[in-house]
Amino acid sequence: MRPLSPSRALGAEISQDPFDLLSPVLRSFSSHHPKDDTSPIEKAWEVAKSLHEGQFRASGEPYISHPLGVAQILADLGCEREVVTAGLLHDTVEDTGYSLEECRKEFPEAAPLVEGVTKLSSISWEISSAETIKKLILAMQQDVRVGVVKIADRLYNARTWRFMPPQKASRKAKETLDIYVHLADRLGMGKVKAELEELSFKYLDPKIYREVVQMVEAKAGSRDEYLRGMMKEIRISLKQCGIRARIAGRLKSHFSIYRKIVVLKKDFDRIYDIVGIRVIVGSTPDCYRALGVIHGRWQPVPGRMKDYIGAPKPNFYQSLHTTILGDNGQEIEIQIRTEEMHRQDEYGIAAHWRYKELGDFESPEWISRTANWVKDLQDPSEILPALKNDFISEEISTLTPKGKTIYLPEGACPVDFAYAVHTKIGDAAVGAKINGVPSSLSAKLKTGDCVEILTSTSPNHSPSPDWLSFVLTPKAKNKIKRSLSREKNLEDRGEGKKALFSQFLSYGRMLSYSSLLQASRRMGFGSLDALYAAVGAGKVPPAAVWKAALRSGAVGEGQDSKRYSLRVEGVEKGERIELAKCCKPVPGDPIAGFVTNSRGVRIHSLQCPDFIKLSEKSPDKVADAHWKGPSGDFEAEIEVLALDRRALLADLSLAIANACVNLSSSRQKVASNLVSAYFSFKVRNLAQLEQVTKSLEQVEGVIEVKRAGS
Ligand code: MN
């Protein structure tokens, strides 16, 4: 908003004495902080001047004019000594040979601010404006004044955009409208915000800007007359009621008019409120009294009265707003405030430093809230749109049942509220009560709503993916996505485990816990769960795990069991090893060990149904096991089903002998024309057993040969 008679612009004073350029800065600073020592500012001036010696701005001016101008803006804002000092030094570390260490040593007060601004500038805007903004927000969480220095820097630069190529200027202007204008607004720096908006509009869209200026100018005469008349009437009415007031007319900014035409699609001729009136009174009660007088004299437009004194905006803005139908029937907006509220509107956060008697200044709540979700954003391309969205939404203030204020963007729902309170509450939310009335989780909240979140006590409860379609805050979005991916991760882990074990079964070998662990480390996973999850998500094929295990030598290494000539891996020396009675594996059979609770390790065939059940239930108890070379004899029994004929038994016995096996016993059962013959003999391994089987199958009349009991 531009006052009709513009007050002095921030940082506008320029020294006329070329040998004493700093004195306007010192004068302005001392007017706000009369007792403060100015020597650090003077020292910073000397240091910055010599460091920037020989550098020039695009305007052709010596570079030092820029830090000096930034310091002047900061001093005019009423900033503290270290902030003004940082303004002078803000480009030294980035653009000269000056190091942060030197800065810290010479200017301990200002160095953290210089560092904050320098870090931001270390990545060029062209490469990654998003990352820079992220860093700015995070630095502001540490010290909000970093943002003030950055905004002053941008204001000075915006004033000199005319020296820039138009394309570059328009890009800077867009970025300023998207981010810095909102930052200035959030910090309550109304005056800087308005100027940044106006300059950005001018360079972003010069043609429309000129058009709007012309339209406003064309109406200036009649409008000013009307405005003056209204101001006089208000002054008289207030005076009659004994209220002393300063009354100013104000012209709304070209940018706000443009916004009404373009965004709200209003016809310029129908935009009446391009002017407003500001009433500045001596005390808060006088604000309400003045409002009463004005409403008593002119008809207020319903729904347009706003009490920002009783409920200040989150940036501490206070005023009463109302719109009345003026003497000619046109709407006119009136703002009523005290001097103190007026300063707050113009200088925002800086006003707090100027008037320290107002009490300790608390860093605005939104900074840490914004920093908290910005910090979590990994994808830089998400940062700017999310911030822009967050910035443009009006804030509402809601309450927890305990009375804590939770600020949310307009249109936020109970899920946003829940995540704003705590991630755990968001994750566990099942329902909400708004002002005691049960409401849906997607209901829209209003200022003043008291919200109670009903939570689930089940540890398995998780957010619903549907929530993503109605939550508004980036924080809630992030946390829901994260929580869902954790859920997904759990599912993937289960799937991954299954996939791995069935793959191993198909290879005929089990990998023990320790082999898997080695394989997962070799593949760069932090834990076995991470490996399972990756397999389950289809990112790693099970075969790759198998190969990694082979490469790391995890497969095949192990402990001997002399008795069975087995290698079992990952079990203690001296651990009892038994062949499982359920499947009686023989050498060559694909096997695995299963660590029992008290009876050592049982060796099962991988086909054994009991083992499959056990290994699915407790995969960590599976031990890698395999037969170790030829040695030892194992009892095997074979069942042969054949058509009965003469000399059948003799032929079968011969076949067994041909396989170089010594028969130990045999028995037969004959039913009608079918013979079931059982042969017991000792074999060294599965290969020999298979030889016997093949040999028997050659015998005439044999229908089937199989391991007894299978
Ligand atoms: Mn700069």
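Scope of this entry: the structure provided in the associated data block. (Residues numbered from 1 in each chain as written. Predicted model: local features only at pLDDT ≥ 70, side-chain atom pairs only at ≥ 80, totals over all residues. Heavy atoms only, no water.)

**Concerning the overall build of the chain**
Here is the rule we go by: Numbering goes from the N terminus for both helices and strands, where a helix is a DSSP run of H or I of at least four residues and a strand is a run of E of at least two. Buried residues are those whose accessible area, probed at 1.4 Å on protein chains only, stays under 20% of the maximum for their type, while exposed residues exceed 50% and partly exposed ones sit between those limits. We call two residues in contact whenever any of their non-hydrogen atoms come within 4.5 Å of each other. Per-residue and other accessible areas were derived by the Shrake-Rupley procedure at a 1.4 Å probe size, with only the shown protein chains allowed to occlude residues.
Counting its regular elements, the chain contains 27 helices and 22 strands. Across the 710 residues of the chain, 49% fall into the buried class. Within the chain, contacts between residues separated by at least 24 positions form 66% of all contacts whose residues are at least 6 apart in sequence. Surface accessibility of the chain: about 34,800 Å² in total, with carbon and sulfur atoms responsible for 51%.

**Re a nonpolar patch on the surface**
The criterion, for reference: For patch detection, residues must exceed 30% relative accessible area and be free of salt bridges, and they are connected within 9 Å for like charges or within 5 Å for nonpolar side chains (Val, Leu, Ile, Met, Phe, Trp, Tyr). For this document, the term salt bridge refers to a Lys or Arg side-chain nitrogen within 4 Å of an Asp or Glu carboxyl oxygen.
A surface patch of nonpolar side chains, amounting to about 260 Å² of accessible area, comprises Leu643, Leu674 and Ile703. Structurally, the position occupied by Leu674 is in strand S21 (residues 674-683). Assessed through its relative accessible area of 35%, Leu674 is described here as partly exposed.

**Considerations on the coordination of the manganese ion**
Filter applied, for reference: Only nitrogen, oxygen and sulfur atoms count as donors, using a 2.8 Å cut-off from the metal that widens to 3.2 Å for Na, K and Ca. Water is left out, so coordination shells may look unfilled.
Binding of the manganese ion to the protein goes through His66 (NE2), His90 (NE2), Asp91 (OD) and Asp153 (OD), at separations of 2.2 to 2.4 Å. If you list the donors of the manganese ion from N- to C-terminus, the spacing comes out as H-x23-H-D-x61-D. On the accessibility criterion, His90 (0% relative accessible area) is buried. In this structure Asp91 comes out as buried when scored by relative accessible area, which is 7%.

**Some remarks on empty space enclosed by the protein**
In plain terms, the rule: Throughout, the protein atoms alone are placed on a 1 Å grid, and a set of points is a cavity if a 1.4 Å probe fits but cannot get out or a pocket if it is open with protein on both sides within 12 Å along at least five of seven lines; lining residues have an atom within 4 Å of a point. Grid points are joined across faces, edges and corners, and a volume is the space filled by probe spheres set on the points. By the convention adopted, Pro, Cys, Tyr, Trp, Phe, Met, Ile, Leu, Val and Ala count as nonpolar, Lys, Arg, Asp and Glu as charged, and the other residues, Gly among them, as polar.
Under the defined criterion, the tally for this structure stands at one cavity of 30 Å³ or more. If you trace the largest cavity, you find it lined by Arg369, Trp373, Asp390, Tyr407, Leu408, Pro409, Asp416, Tyr419, Ala420, Thr473, Pro474 and Lys475. Going through the elements one at a time, helix H17 (365-376), strand S9 (405-409), helix H19 (414-421) and helix H21 (474-507) are the ones with two or more residues in the lining of the largest cavity. Along the lines of polarity and charge, the residues of the lining of the largest cavity split into seven nonpolar, one polar and four charged.

**Observations concerning the side chain of Glu346**
Along the chain, the position of Glu346 falls in helix H15 (residues 339-347). Glu346 has contacts with Gly188, Met189, Gly190 and Lys191, leaving out every residue within four places of it along the chain.

**Brief notes about the sheet that holds strand S20 (residues 663-671)**
For clarity, the cut-off: In this description, strands pair whenever DSSP reports at least two bridges between them. Axis lines are fitted through C-alpha atoms, for helices just across the contact stretch, and the angle between N-to-C directions can take any value from 0 to 180 degrees.
The strand order across the open sheet built from four strands is S20-S21-S19-S22, with neighbouring strands paired in antiparallel fashion. The sheet terminates laterally at S20 and strand S22 (702-707), the two strands that pair on one side only. Each strand of the sheet is rotated relative to its neighbour by a mean of 20 degrees, with strand direction disregarded. Inspection of the sheet shows S20 paired to S21 by eight bridges, in the antiparallel sense. When the bridges of S21 are listed, Ser666 appears paired with Phe679. Relative to the sheet, helix H26 (residues 648-658) contacts strand S19 (634-643), S20, S21 and S22, its axis offset from that of S21 by approximately 25 degrees. Together, S19, S21 and S22 form the strand contacts of helix H27 (residues 686-697), whose direction differs from that of S22 by roughly 165 degrees.

**Overview of the packing of aromatic side chains**
Formally: Two rings from Phe, Tyr or Trp (for Trp, the six-membered ring) form a pair when their centres are within 6.5 Å of each other. A pair whose planes differ by under 30 degrees is stacked, one over 60 is edge-to-face, and the rest are tilted. Charges are assigned to positions over rings by a cutoff of 6 Å between ring centre and Lys NZ or Arg CZ, combined with an angular limit of 35 degrees from the ring normal.
Inspection of the entire model under this criterion finds six aromatic pairs. Aromatic pair Tyr308 and Tyr317: ring centres 5.8 Å apart, planes at 70 degrees, arrangement edge-to-face. The class for Tyr308 is buried, based on a relative accessible area of 16%. Chaining the aromatic ring pairs together yields one cluster made of Phe201, Tyr209, Phe255 and Tyr258. Positioned above the aromatic ring of Tyr678, the side-chain terminus of Arg667 is 4.1 Å from the ring centre.

**Describing unusual backbone geometry**
Negative phi is the rule for most residues except glycine; trans is the rule for most peptide bonds. Unusually for a residue other than glycine, Asn435 sits at a positive phi of about 50 degrees. Within the secondary structure, Asn435 is located in the loop between strand S10 (429-434) and strand S11 (437-439).

**So, the sheet that holds S10**
Whenever strands of a sheet pair, they do so through backbone hydrogen bonds, lying parallel or antiparallel. The three strands are arranged S11-S10-S12 in an open sheet whose pairing can be described as antiparallel. If you trace the sheet from one side to the other, it starts and ends with S11 and strand S12 (451-455), each paired once. Strand-to-strand twist in this sheet, taken as the mean axis angle between neighbours without regard to direction, amounts to 35 degrees. Summarising the sheet, S10 and S11 pair through three bridges and their orientation is antiparallel.

**What to know about helix H11 (residues 190-204)**
Just so we agree on the cut-off: An expected span of 1.5 Å times one less than the residue number is assigned to each helix.
Taking 1.5 Å per residue, 15 residues should reach 21 Å; H11 reaches 21 Å between its end C-alpha atoms and fits that length. Those residues of H11 that fall on the buried side of the exposure criterion are Lys191, Val192, Ala194, Leu196, Glu197, Glu198, Leu199, Ser200, Phe201 and Tyr203.

**Re the nonpolar core**
Selection rule: Here the nonpolar core consists of buried residues drawn from Ala, Val, Leu, Ile, Met, Phe, Trp, Tyr and Cys, with membership extended through side-chain atoms lying within 4.5 Å. The domain boundaries here were taken from an automatic or database domain assignment.
Ranked by internal contacts, the top residues of the largest apolar core, which has 110 residues, are Leu74, Leu183, Leu187, Ile277 and Val279. Taken domain by domain, this core gets at least three of its residues from each of domain 1 (2-204) and domain 2 (216-358). Residues in contact with Leu187, not counting those within four places in the same chain, are Met140, Val144, Gly147, Val148, Ile151, Gly348, Ile349, Trp366 and Ile367. Ala659, Val683, Leu686 and Leu689 belong to the second-largest nonpolar core, a separate cluster that totals 23 residues.

**Observations concerning the packing of helix H3 (residues 65-76) against helix H4 (residues 81-89)**
Pairs of packed helices are described in terms of their axes, by the angle between the two and the distance that separates them. In plain terms, the rule: The scheme is simple: roughly parallel for angles under 35 degrees, roughly antiparallel for over 145, roughly perpendicular for 65 to 115, oblique for anything else. Each helix crossing is assigned a hand: it is left-handed if the near helix lies turned anticlockwise from the far helix by less than a right angle, otherwise right-handed if that turn is clockwise.
Look at H3 against H4: their axes get within 7 Å of each other, and the N-to-C directions meet at 160 degrees. Of the possible angle classes, the one that applies to H3 and H4 is roughly antiparallel. Crossing of H3 against H4: the hand is right-handed. When H3 is examined against H4, the residues Pro67, Leu68, Val70, Ala71, Leu74 and Ala75 are found in contact with a partner set consisting of Val83, Val84, Gly87 and Leu88. Residue classes in the contact of H3 with H4 are distributed as nine nonpolar, one polar and no charged.

**Things to note about the environment of Glu175**
With respect to the helices, strands and loops of the structure, Glu175 is situated in helix H10 (residues 166-186). Taking C-alpha positions, Glu175 is 8.8 Å from Ser200, a pair spaced 25 residues apart along the chain.

**Quick notes on the packing of H17 against helix H18 (residues 380-392)**
Packing of H17 against H18 brings their axes to within 11 Å, and their N-to-C directions diverge by 155 degrees. It follows from the interaxial angle that H17 and H18 lie roughly antiparallel. Note on packing geometry: the crossing formed by H17 with H18 is right-handed. On the side of H17, the interface is formed by Trp366, Thr370, Trp373 and Val374, while H18 contributes Ala386, Leu387, Asp390 and Phe391. Counted by class, the contact of H17 with H18 contains six nonpolar, one polar and one charged residues.

**Some remarks on the pattern of salt bridges**
Summed over all chains, the structure comprises 23 salt bridges. Ionic pairing is found between Lys174 and Asp178, a salt bridge with its closest N-O pair at 2.8 Å. Residue Lys174 and its partner Asp178 are located together in helix H10, separated by four residues, close to a single helical turn. Overall, Asp178 belongs to the buried group, its relative accessible area being 17%. When salt bridges with common partners are traced through the structure, they connect Glu80, Glu82, Asp143 and Arg145 into a single cluster.

**Notes on the state of the cysteines**
For the record, the criterion: Two cysteine sulfurs form a disulfide in these notes if their separation is within 2.5 Å.
One pass over the structure, following the stated rule, counts zero disulfides. This cysteine, Cys582, is not joined by any disulfide, and Cys608 carries the nearest cysteine sulfur, 3.6 Å off. Taking relative accessible area as the criterion, Cys582 reaches 45% and is therefore assigned partly exposed.

**Things to note about the side chain of Ser319**
The condition is simple: Polar contacts, as used here, are pairs of N or O atoms within 3.5 Å; protein pairs need one atom able to donate a hydrogen and one able to accept it. Residues neighboring in sequence count only if both atoms are side-chain atoms.
Note on placement: Ser319 falls in the loop between strand S5 (306-307) and strand S6 (320-325). You can call Ser319 buried: its relative accessible area is 0%. Only 3.4 Å separates the side chain of Ser319 from the side chain of Tyr317, close enough to count as a polar contact.

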